[in-house]
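This is what each chain is made of:
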Amino acid sequence: MIASGASYRRLDIPGEDDFIGAGIHFCATCDGPFYKGAKNIIVVGGGNSACEEGLHLTTFAEKVTLLVRGDTLTASQVAIDKINEPTSRVEVKFNVDVDSFEGENSRLKKINYHSSVTGEKSAIEPDAAFIFIGQKPNTEFAKNYVKTDPYGFILTGHELTHQSDEKFGERLAFETSMTGVFAAGDVRHESIKQVASAVGEGAAAAISIREFLKRS
Ligand SMILES: Cc1cc2nc3c(=O)[nH]c(=O)nc-3n(C[C@H](O)[C@H](O)[C@H](O)COP(=O)(O)OP(=O)(O)OC[C@H]3O[C@@H](n4cnc5c(N)ncnc54)[C@H](O)[C@@H]3O)c2cc1C
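Criteria and cut-off values
- Residues numbered from 1 in each chain as written.
- Predicted model: local features only at pLDDT ≥ 70, side-chain atom pairs only at ≥ 80, totals over all residues.
- Heavy atoms only, no water.
- Helix = DSSP H or I, 4+ residues; strand = E, 2+ residues; numbered from the N terminus.
- Areas by Shrake-Rupley, 256 points an atom, 1.4 Å probe, with all protein chains shown as cover.
- Lys, Arg positive; Asp, Glu negative; His and termini not counted.
- Charge placed at Lys NZ, Arg CZ, Asp CG, Glu CD.
- Axes fitted to C-alpha atoms, helices over the stretch in contact; angles between N-to-C directions.
- Parallel < 35°, antiparallel > 145°, perpendicular 65-115°, else oblique.
- Left-handed = near helix turned anticlockwise from the far one by under 90°.
- Contact = heavy atoms within 4.5 Å.
- Nonpolar A, V, L, I, M, F, W, Y, C, P; charged D, E, K, R; others polar.
- Pairing = 2+ DSSP bridges.
- Near = heavy atom within 4 Å.
- Polar contact = N/O pair within 3.5 Å; in protein donor to acceptor, adjacent residues only side chain to side chain.
- Disulfide = S-S within 2.5 Å.

Enquirer: Explain the overall build of the protein to me, please; I cannot follow it from the model alone.
Expert: Along the backbone of the protein there are 4 helices and 12 strands. Based on the C-alpha atoms only, the size of the protein along its principal axes is roughly 65 × 35 × 30 Å. When the accessible surface of the protein is totalled, it reaches about 11,600 Å², and 51% of it is carbon and sulfur. The average position of the 23 basic charges and that of the 30 acidic charges among the side chains of the protein differ by 3 Å.

Enquirer: Looking at this model, I keep getting lost on the packing of helix 2 (residues 48-57) against helix 3 (residues 77-84). Mind explaining?
Expert: In a pair of packed helices, the angle between the axes and the distance between the axes together describe the arrangement. Contact geometry of helix 2 with helix 3 gives a least axis separation of 9 Å together with a crossing angle of 45 degrees. By the angle between their axes, helix 2 is oblique relative to helix 3. Classified by chirality, the crossing of helix 3 by helix 2 is left-handed. Contacts between helix 2 and helix 3 involve Cys51, Glu52 and Leu55 from the first element and Ala79, Lys82 and Ile83 from the second. For the contact of helix 2 with helix 3, a count of residues per class yields 4 nonpolar, no polar and 2 charged.

Enquirer: Sorry if this is basic, but what is going on with the sheet that holds strand 4 (residues 63-67) here?
Expert: As a general point, the strands of a sheet are linked pairwise by backbone hydrogen bonds and lie either parallel or antiparallel. Pairing within the open sheet is parallel, and its 5 strands lie in the order 2-9-3-4-5. Edge positions in the sheet fall to strand 2 (24-25) and strand 5 (90-93), since each has one partner strand and no second. In the sheet, strand 3 (residues 40-44) pairs with strand 4 via 5 bridges, with the strands oriented parallel. Looking at the pairing, isoleucine 42 lines up with threonine 65 of strand 4. Across the sheet, helix 2 touches strand 3, strand 4, strand 5 and strand 9 (128-131), and the angle it forms with strand 4 is around 160 degrees.

Enquirer: Even after reading the chapter, I still don't get the site of the ligand, so can you show me in this structure?
Expert: The environment of the ligand is formed by 13 residues, the closest being Cys30, Asp186, Lys193, Gln194 and Val195. Aspartate 186 is positioned such that a nitrogen or oxygen atom in its backbone is 2.9 Å from an oxygen atom of the ligand. The separation between an oxygen atom of the ligand and a polar main-chain atom of valine 195 is 2.9 Å. Across the complex, the protein chains shield 48% of the 1,000 Å² of accessible surface that the ligand would expose by itself. Its residues placed into classes, the shell around the ligand shows 6 nonpolar, 5 polar and 2 charged.

Enquirer: What am I meant to see in the state of the cysteines here?
Expert: Note on terminology: disulfide describes a covalent bond linking the sulfur atoms of two cysteines. Tallied over the entire structure, the rule returns 1 disulfide. A sulfur-sulfur distance of 2.1 Å marks the disulfide that ties cysteine 27 to cysteine 30. Since a negative S-S torsion denotes a left-handed disulfide, the cysteine 27-cysteine 30 link at about 70 degrees is right-handed. Here cysteine 51 stays unpaired: no disulfide links it, and the sulfur of cysteine 27, its closest cysteine neighbor, is 17 Å away.

This is how it looks when you write it as structure tokens:
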């Protein structure tokens, strides 16, 4: 079974490592509730996760500001429409490159950034920063053996229904394109990226493995 997880992409800028868990976060569902009543939360990123998690963070914060590197949001139209609603509490700043994070008393205090168009430097003092610039699956070792989506997350079960094995038949739930090899958790295409679901997938995959062994 492959359960090698995925790593959150980092900005790799000064201060980032120093404040992870102390103002810098990568999961709004996990850490958003700590910021109930916050004035302003920064979200770095302009893709689907950034937009959806940014909207979710308005549940806790008065305002959420998206710092977007490019000049467009690359999210679903539904998310973009919600962000653009007149009553939305999500502000978007385009063409922003984040330069560094600074702290005070071991917590994030300030984000320094500049405009990639004018070069103008600015700083903001938010309650927290959530970084959503993608996840990288830990599948380097497996990518030549099992089918993945374009981002490297492993395809399993019903995503491979067109593929069956002469001896073992249709793919079982959590089975990869390689007969008898299973995948569960964050490494899997379209998994939920939460501890509870990763553990549940592991248990469910074990049931599929038992079924596979029965057929062997
Ligand atoms: C900072 C942070 C905070 C989080 N907070 C929460 C939270 O509050 N609540 C929540 O539900 N979820 C949270 N998550 C998400 C949660 O951690 C994951 O969804 C969950 O751990 C996924 O489990 P997994 O077993 O699929 O992968 P992982 O837990 O990532 O485990 C993968 C394991 O495989 C190992 N591995 C990687 N590559 C290889 C290899 N080539 N060979 C052998 N081993 C390898 C890794 O070292 C690791 O031990 C958080 C994640 C992060 C990063």
